[in-house]
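One-letter residues, chain by chain:
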Amino acid sequence: MIQLRTRGIPINITETLIKVSYINAVGELVCFSPSLNKTVLLSTGVPPLERHLVIAAIPSLKDFGIGDILLISPNGTISSLFREQSAHNTLFITDRCNSNCLMCSQPPKNTDDLDYFFEINSQLIRMLPPDLKELGITGGEPTILGSRFITLLELITEYLPNTAIHILTNGRSFAWKNVAQAIQKVCNPNLVFGIPLYSDYYQQHDYIVQAKGAFNQTILGFHNMARYGQRLELRIVLHKQTYKRLPSLAKYIFMNLPFVEHIALMGLEYTGYTPKNSDLLWMEPSEYADELEEAVSFLDGMGLAVSIYNLQLCLLKPSLWKFARKSISDWKQEYLNECSRCSLVAECGGVFATSKKHSGKIKAIAK
Amino acid sequence: MELPIAKDFRKFKGPEFYEAEFSEYFLLPFKFHRINDEKEVLVNEVGDFLIVPIGTARRIASRDIQKDELLYEDLFANSFISNKPIPDLIDVLATRYRTKKSFLDDFTALHIFVVSLRCNHSCHYCQVSRVSENRQEFDISIEDLTSGIEHMFRSPSPSITMEFQGGEPLLAFDRVKFGVEYALKLNETFKKDITFVVCTNATVFTDEILEFCKEHQIIISTSLDGPEFLHNANRPKSGAKSYQMVIDGINRARNQLGEDQVSALMTTTSLSLEYPIEIIDNYIENGFSNIFLRPISPYGFALKNSKKNRYHTEKYLEFYKKGLKYIIELNKQGVFFVEDYTTIILKKILTPFPVSYVDLQSPAGMINNVVVFNYDGYVYATDESRMLAEQGDFTFRLGHVKDNYRSIFYGEKARFLSQYWSNESLAGCADCGLQSYCGADPVFHYAAQGDFEGYRPTSDFCIKNMEIIRHIFDLLDSDGKALMPIFNSWINNRPRYQ
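All figures in this text were calculated on a predicted structure; none of them were measured in a lab.

## Let's talk about the overall build of chain B
So, step 1. On a plain count of helices and strands, chain B comes out with 19 helices and 15 strands.
So, step 2. For 498 residues, the compact-globule estimate of 2.2 N^0.38 gives 23 Å, and chain B sits close to it at 25 Å.
So, step 3. In terms of its C-alpha atoms, chain B occupies a principal-axis envelope of roughly 90 × 50 × 50 Å.
So, step 4. Burial status across chain B gives 58% buried among its 498 residues.
So, step 5. Accessible surface, chain B: about 21,500 Å² in total, of which carbon and sulfur atoms supply 51%.
So, step 6. Across chain B, 55 positive and 68 negative side-chain charges occur, with their mean positions spaced 1 Å apart.

Take a look at the structure:
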């Protein structure tokens with residue numbers, strides 16, 4: 001796993017965003033802060049002269065590289081916000097959320113962090129390379145930012161006009177037409193909204209996301225966004241509360257939401273709330289293999305684009321291998337010891353390094 | 001800073017907390033139909049269905065379904081019942097309904113031009129009168145053809161199909177040529193998406209004709225009734241054997257225009273009824289991947305030759321089922337071969353999309369999606385309407401090609417016919433469980449029963465379609481798991497990958 005956060009001893013440091021310019025002869029990272037218009041040095045060594053802006057005595061710099069954008073704080077914390085070498089960069093909008101999903105991998109916090117992250121993201125967008133291929137937007141629930149969410153989308157459209165933008169949202173805000181309309185006005189054809197739908201029966205969806213009325217809002221949200229020409233992806237997390245109605249949900253999607261351009265069915269990440277709700281959620285993927293196959297082959301047969309995320313090839317029926325994607329973000333992806341003997345390891349997405357539990361049925365596939 | 005509302009919200013609650021509060025569920029509009037000894041199908045207002053045990057509709061109506069039944073969730077999710085008289089997601093239903101009926105959005109697309117009544121065949125089931133090959137007065141005049149094409153461009157539809165029929169339209173190739181060229185000239189201004197189709201018996205191709213077809217990507221639609229003995233019996237041609245000429249014509253057209261530019265239609269006669277398997281095999285041998293097991297229409301010569309053609313609908317249905325069964329078996333063995341009528345109905349049952357098939361839709365295809373410009377300059381509501389006209393019955397004549405567009409397409413005749421073109425408002429259809437998948441056909445009912453509205457219990461249209469749709473549901477119920485991948489491949493017109 002890659003360390004996205006570390007800490008050293010701060011010297012003359014105020015909070016700022018810095019971009020790594022180059023690595024000097026002694027292996028220190030020479031960075032530049034546009035807001036301070038000054039150079040900042042990141043070093044593993046002992047503090048040098050005090051007139052520099054330095055964070056010293058950092059345990060390791062190996063996970064930072066040229067072009068990376070880092071947030072540094074007066075207490076010496078360094079957080080990686082953008083990694084040049086990664087295809088999985090995201091803007092983090094907020095820890096707040098209006099849902100409280102049973103299996104949330106990054107549980108919401110009830111903090112008022114909207115202004116703080118908005119400021120950071122406004123700067124970060126301007127510092128990103130203009131030829132960036134992909135950028136995610138995530139939270140919490142990004143649309144909680146309200147009109148400033150639209151402002152961020154406008155900034156992105158201005159500074160990153162050719163970047164594919166993937167936004168993770170529960171879509172509930174789009175039940176209000178004016179929100180969907182405001183997004184249309186941003187006029188960015190590279191935005192894709194990934195919205196989860198966990199059941200075709202309102203009560204199950206509302207229970208899973210722990211929010212009354214969420215199902216109706218999400219469905220209306222899908223329709224409003226489609227009406228305003230937005231690109232949509234539908235996401236389903238596979239667990240004990242969703243597997244039974246999976247074939248019905250697939251049919252519901254085709255009949256009621258056939259305009260979604262991609263459907264992702266995702267294995268559970270065993271972290272965040274999930275361990276706490278393990279009894280309600282956890283099941284071996286082999287136990288839902290039939291339902292998964294029925295849903296995937298139906299959607300595929302009807303001409304919709306389907307992917308399976310986060311599930312290892314050894315846990316899937318071979319008929320579904322062609323739908324499996326290497327979906328786990330690079331910084332939290334790994335393989336188990338067992339995987340080293342597997343003939344398909346190169347095609348497999350591996351497991352979540354962040355998961356505290358993996359399937360007991362992960363087995364190397366012989367040639 | 002902790003937000004005040006949050007603490008309680010972050011406490012997990014059980015499923016019961018998320019159940020909507022209401023005492024008794026409300027019914028949304030739905031209908032039902034028995035499909036076999038054990039099952040009935042429930043169909044809601046937008047064509048979504050559930051196959052359930054017989055008696056379920058009664059239980060639903062008696063508010064007998066319990067919340068802990070799996071069926072309860074299915075009924076709720078598929079908009080059969082609701083917690084409110086008007087459900088929260090009514091807008092979604094409205095969008096679904098609008099989508100299903102969106103074949104109406106663009107108005108007339110298919111414009112049929114009968115460029116000549118002359119023909120070199122004398123098929124006993126011919127649905128239009130024909131005359132010998134050399135009587136030019138049965139060709140459309142250039143003046144009328146011009147006016148018809150100008151009307152075609154007045155259609156609001158962004159995509160139009162110009163179909164040449166006859167007789168044998170290629171006996172009046174000069175008219176076809178003029179028609180295509182004039183349409184293309186006008187299209188420089190109108191910029192519509194045009195498809196050209198020639199319905200021909202494929203026995204009169206010349207190099208000039210085929211080169212012209214190639215240049216303008218004209219689709220060839222021809223007639224093939226099955227094996228040689230059957231085809232020649234159905235489609236006699238003086239002085240020659242039709243079958244070999246058609247096969248030669250099909251191959252010649254394929255070579256020059258490309259495989260997918262040539263299609264064939266078969267007509268079922270009394271004789272055909274005995275040979276469903278042979279007909280299908282013949283289509284496969286000749287390189288087709290689809291067939292339309294089409295019943296005969298009660299028009300034109302088809303009615304006069306009653307002995308040969310007035311077989312009972314039941315016999316046709318047997319033929320259809322036998323053929324369909326065989327085709328399904330072929331598909332199970334890995335052959336990609338499609339039955340077109342089943343596919344049209346499957347699209348209506350299994351997809352949320354509009355299915356524009358002019359002979360089975362509501363409102364009917366007449367005027368809304370198709371219009372016919374006859375060789376004599378008169379305009380008819382459908383292809384069948386002009387066949388009646390050849391027998392002296394001008395009921396469905398909308399006007400003359402020289403009349404203005406409004407008076408033809410929105411005139412008194414059109415308005416009169418509109419009373420009978422929606423099955424939602426026809427006696428016997430209005431409450432039929434299969435209504436969403438069926439259509440209205442006032443021309444058929446007028447011709448067969450002398451009544452625009454029609455009398456359902458003895459209507460061949462009704463008996464045929466209800467039984468075919470019921471049969472398809474029966475198949476879905478008894479063998480759905482194996483059939484769905486095959487049916488999906490038909491709907492999407494692409495072979496399954498193995």
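## What to know about the sheet that holds strand β15 (residues 397-400) of chain B
All names here are of chain B.
So, step 1. Spatially, β10-β9-β8-β7-β6-β13-β14-β15 is the arrangement adopted by the eight strands of the open sheet, whose pairing is mixed. Of all strands in the sheet, those bounded by a partner on one side alone are β10 (262-265) and β15. On average, adjacent strands in this sheet sit at an angle of 25 degrees to one another, irrespective of strand direction.
So, step 2. Pairing analysis gives two bridges linking strand β13 (residues 370-373) to strand β14 (residues 378-380), with the strands arranged antiparallel. Paired with Phe373 across the two strands is Val379, which belongs to β14.
So, step 3. Running over the sheet, helix α5 (residues 142-154) touches β6 (110-114), β7 (159-165), β8 (193-199), β13 and β15 and is turned about 175 degrees from β6.

## Some details on the interface of chain A and chain B
So, step 1. Facing the 45 residues of chain A at the interface are 47 residues of chain B.
So, step 2. Surface buried jointly by chain A and chain B totals about 3,800 Å² across both partners, of which 55% is contributed by carbon and sulfur atoms.
So, step 3. Here chain A is connected to chain B by two salt bridges.
So, step 4. A salt bridge links Arg245(A) to Asp74(B), with the nearest nitrogen and oxygen atoms 2.6 Å apart.
So, step 5. In this structure, the connection of chain A to chain B is made through 18 residue pairs in polar contact (both at pLDDT 80 or more).
So, step 6. Listing elements by their share of the side of chain A that touches chain B, those giving two or more residues are α4 (202-209), α5 (214-227), α6 (246-256) and α8 (289-301) of chain A.
So, step 7. Tallied by class, the residues present in the side of chain A that touches chain B amount to 18 nonpolar, 15 polar and 12 charged.

## Regarding α5(B)
Since the α-helix advances by 3.6 residues per turn, residues separated by three or four positions end up pointing in the same direction.
So, step 1. For α5(B), spanning 13 residues, the distance from its first C-alpha to its last is 19 Å, which sits close to the expected 18 Å at 1.5 Å a residue.
So, step 2. Along α5(B), the residues classified as buried are Asp144(B), Leu145(B), Thr146(B), Ser147(B), Gly148(B), Ile149(B), His151(B), Met152(B) and Phe153(B).

## Observations concerning the side chain of Thr95(B)
So, step 1. In this fold, Thr95(B) is placed in helix α4 (residues 90-100).
So, step 2. For Thr95(B), a relative accessible area of 16% corresponds to the buried category.
So, step 3. Non-local contacts of Thr95(B), meaning those with residues more than four positions away in its chain, are made with His223(A) and Arg227(A).

## Some points on the domain arrangement of chain B
All names here are of chain B.
So, step 1. By domain assignment, chain B separates into domain 1 (21-100) and domain 2 (108-412).
So, step 2. Summarising the inter-unit geometry, the C-alpha centres of domain 1 and domain 2 are found 40 Å apart.
So, step 3. Contacts between the two partners involve five residues from domain 1 and, on the opposite side, eight residues from domain 2.
So, step 4. Counting the surface domain 1 buries against domain 2, the share from its top three residues, Phe49, Thr99 and Lys100, is 81%.
So, step 5. Our count for the contact surface shared by domain 1 and domain 2 stands at zero salt bridges.
So, step 6. Grouping the constituent residues of the side of domain 1 that touches domain 2 by class yields one nonpolar, two polar and two charged.

Reading guide: rules and limits
Starting afresh in each chain, residues are numbered from 1 along the sequence in its written order. The naming scheme follows written order: chains are lettered A onward, ligands numbered 1 onward. pLDDT decides what is reported in this predicted model: residues at 70 or higher carry local features, side-chain atom pairs at 80 or more are listed and counted, and totals for whole chains, interfaces and linings draw on all residues regardless. Side-chain numbers come from the whole structure's heavy atoms, not from hydrogens or water. Secondary structure elements follow DSSP: runs of H or I of four or more residues count as helices, runs of E of two or more count as strands, with numbering from the N terminus. For this measure, only C-alpha atoms enter the radius of gyration; the expected value for a globule follows 2.2 Å times N^0.38, where N is the number of residues. Partly exposed residues are those whose accessible area sits between 20% and 50% of the maximum for their type, while under 20% is buried and over 50% is exposed, using a 1.4 Å probe and protein chains only. Only the protein chains shown count as cover for residues, and the accessible areas themselves come from Shrake-Rupley with a 1.4 Å probe. Think of it this way: Lys and Arg go in the positive column, Asp and Glu in the negative one, and His and the chain ends go nowhere. In this description, the location of a charge corresponds to atom NZ of lysine, CZ of arginine, CG of aspartate or CD of glutamate. A pair of strands is treated as paired once DSSP finds two or more bridges between them. All axes are obtained by fitting lines to C-alpha atoms, using only the stretch in contact for helices, and the reported angles, taken between N-to-C directions, cover 0 to 180 degrees. Here, two residues are considered to be in contact whenever any of their heavy atoms come within 4.5 Å of each other. Summed over both partners, the accessible surface that disappears when two parts come together, traced with a 1.4 Å probe, is what is meant by buried area. Only one rule defines a salt bridge in this text: a Lys or Arg side-chain nitrogen within 4 Å of an Asp or Glu carboxyl oxygen. Polar contact criterion, stated in full: a pair of N or O atoms within 3.5 Å, where within protein one must be able to donate a hydrogen and the other to accept it, and residues adjacent in sequence count only if both atoms are side-chain atoms. Any residue that is not Ala, Val, Leu, Ile, Met, Phe, Trp, Tyr, Cys, Pro, Asp, Glu, Lys or Arg is counted as polar, Gly included; the first ten are nonpolar and the last four charged. Every helix has an expected span of 1.5 Å times one less than the residues it contains. The source of the domain bounds is an automatic or database domain assignment.

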